[in-house]
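# Working through the structure, step by step
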Amino acid sequence: MEGECRAPQARSSGLPAGGAGVESPGGDAPLSGSSGSSALLQAEVLDLDEDEDDLEVFSKDASLMDMNSFSPMMPTSPLSMINQVKFEDEPDLKDLFITVDEPESHVTTIETFITYRIITKTSRGEFDSSEFEVRRRYQDFLWLKERLEDAHPTLIIPPLPEKFIVKGMVERFNDDFIETRRKALHKFLNRIADHPTLTFNEDFKVFLTAQAWELSSHKKQGPGLLSRMGQTVRAVALSMRGVKSRPEEFMEMNNFIETFSQKINLIDKISQRIYKEEREYFDEMKEYGPIHILWSASEEDLADTLKGVASCIDKCCKATEKRMSGLSEALLPVVHEYVLYSEMLMGVMKRRDQIQAELDSKVEALTSKKADTDLLTEEIGKLEDKVECANNALKADWERWKQNMQNDIKSAFTDMAEENIHYYEQTIYYGPIYSSCKEKEEMI
């Protein structure tokens, strides 16, 4: 909890808007002084008809760009100072650069797995060197994510790509799958590096710098199996108990998350379907060019016309392939990342509720005098500080996340729109040529 109670070190924080390769620091949007109204919640989310066939991402009255109406009240406690740090006003002081590349397959008698090279370059004084190179497998990334969640339960930890592909769409060690995962892992680490608090986490530093045997030794220093089991049982008990009165600002936040999750999952589903249909169209169109070339060899009078048609089809294929590449590299990864983010946000809210539920149970015990009142009073005081610290950390990170999210999604859809414009400009040019060739063919 210490990482959440102190104001993060001043650093710039604007995350890049979409794109798989390069991340720049993510910016915190300052909290306003008035609560967002639940009546405006729907207008803060994607305006998408329930009918999946009608995809309306941006509308005149409701869009993802209008989300700043929700802003919780600023608490007066000194612990709330974390909410008042405006990272976007700071100069660009990026001092940690991380690259994930060179996936490598490893085969043992027990398992087959992939490791990725991680190169870290930094000018921070707490690092022993300015450059590090290590190799990590997926399980190591998963360990890092869990350690960050333990240390900062109400901060929004960037999501990891899924361990396995759903419905067996691609093979586990297919080259395309490995490259997609590499990009996602690259983004995961850079999201952490650009976070004003997570970037200074000690486990993150160890992950980036320790050799394999050192990392293995460090992992063993964590809580033991029995301790983890006890924490799990306790968390389940608190979640079953629930919270009696969640603050209004977190009720609105939870409603937003639920609505956002529904909308972003639907967009992800529709985007995947569009890509699949585009792929089928491309595969079919690819066959027509060679067919017309073969046809021209047996029809002397139609040879030039058929070759012209084949040329137009070939150019349309190239334009379609380029558009598909833009869809798979610019839009699909961003949308799916925020599907995973929606799941992470639900987990964050659950952990916040567990902390509050623990406080509620102690207050209830004190009221009924079921235990030592002096001891309970002391525990309640500590839990009140813990709850306030967790709430303030979540509110500050929530505003930062919303700003990053709207920038990422806006950029992804803008890039896709520009790609579509360029595609239709090309195909409109080829269309008349194709029509002219067809007219000549019919005349002959």
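None of these values were measured; they are calculated from a predicted model.

Calculation notes
Residues numbered from 1 in each chain as written. Predicted model: local features only at pLDDT ≥ 70, side-chain atom pairs only at ≥ 80, totals over all residues. Heavy atoms only, no water. Helix = DSSP H or I, 4+ residues; strand = E, 2+ residues; numbered from the N terminus. Buried < 20%, exposed > 50% of the residue type's maximum accessible area, 1.4 Å probe, protein only. Contact = heavy atoms within 4.5 Å. Salt bridge = Lys/Arg side-chain N within 4 Å of Asp/Glu carboxyl O. Pairing = 2+ DSSP bridges. Axes fitted to C-alpha atoms, helices over the stretch in contact; angles between N-to-C directions. Core = buried A, V, L, I, M, F, W, Y, C linked by side-chain atoms within 4.5 Å. Phe/Tyr/Trp six-rings, centres within 6.5 Å; stacked < 30°, edge-to-face > 60°. Lys NZ or Arg CZ within 6 Å of the ring centre and 35° of its normal. Disulfide = S-S within 2.5 Å.

## Remarks on the overall build of the protein
- Looking only at helices and strands, the protein features 9 helices and 3 strands.
- Ordering the α and β elements of the protein from the N terminus gives α-β-β-β-α-α-α-α-α-α-α-α.
- Buried positions account for 45% of the 444 residues belonging to the protein.
- Considering only contacts in the protein between residues 6 or more positions apart, those separated by 24 or more positions represent 77%.

## What about the pattern of salt bridges?
- Evaluation of the coordinates by the stated rule reveals 19 salt bridges.
- Connected through salt bridges with shared partners, the residues Lys187, Arg191, Glu337 and Asp408 form a single ionic network.

## With respect to unusual backbone geometry
- The backbone of Glu102 shows a phi angle near 45 degrees, a positive value even though the residue is not glycine.
- Of note, Glu102 is situated in strand E1 (residues 96-107).
- A relative accessible area of 43% places Glu102 in the partly exposed class.

## Re the environment of Ile119
- Here Ile119 lies in strand E2 (residues 112-122).
- Ile119 sits in the buried class, given a relative accessible area of 15%.
- In sequence terms Ile119 and Leu208 are 89 residues apart; their C-alpha atoms lie 8.0 Å from each other.
- Look past the residues within four positions of Ile119 in its chain and what remains in contact with it is Phe97, Ile98, Thr99, Asp101, Glu131, Phe132 and Glu133.

## Details of the sheet that holds strand E3 (residues 131-137)
- The 3 strands lie next to each other as E1-E2-E3, forming an open sheet whose pairing is antiparallel. What marks the edges here is a single partner per strand, and that holds for E1 and E3. Neighbour-to-neighbour, the strand axes of the sheet open up by a mean angle of 20 degrees, direction not taken into account.
- Across the sheet, helix H3 (residues 175-194) touches E1 and E2, and the angle it forms with E1 is around 145 degrees.

## What to know about the nonpolar core
- Counting residues in each nonpolar core, the largest one holds 32 residues, and the members touching the most others are Ile98, Ile118, Phe141, Leu144, Leu189, Phe204 and Phe207.
- Counting only elements with at least two residues in this core, the list comes to E1, E2, E3, helix H2 (138-151), H3 and helix H4 (202-209).
- The biggest single contributor to this core is H3, with 6 residues.
- With residues up to four places along the chain from it excluded, the contact list for Leu144 reads Phe188, Leu189, Ile192, Asp203, Phe204 and Phe207.
- In terms of nonpolar packing, the next biggest core, distinct from the first, is built from 27 residues, Phe256, Ile267, Leu331 and Val334 among them.

## Here we look at the packing of aromatic side chains
- Evaluation of the coordinates by the stated rule reveals 11 aromatic pairs.
- It is Arg137 that lies over the ring of Phe113; its NZ or CZ is 3.9 Å from the centre.
- Positioned above the aromatic ring of Tyr423 is the side chain of Arg323, whose terminal nitrogen or guanidinium carbon lies 3.9 Å from the ring centre.

## Section: the state of the cysteines
- A complete count under the given rule lists 0 disulfides for this structure.
- Take Cys316: it sits in no disulfide, and the sulfur closest to it among the cysteines is that of Cys312, at 6.7 Å.
- Exposure remark for Cys316: the relative accessible area of 18% places this residue in the buried category.

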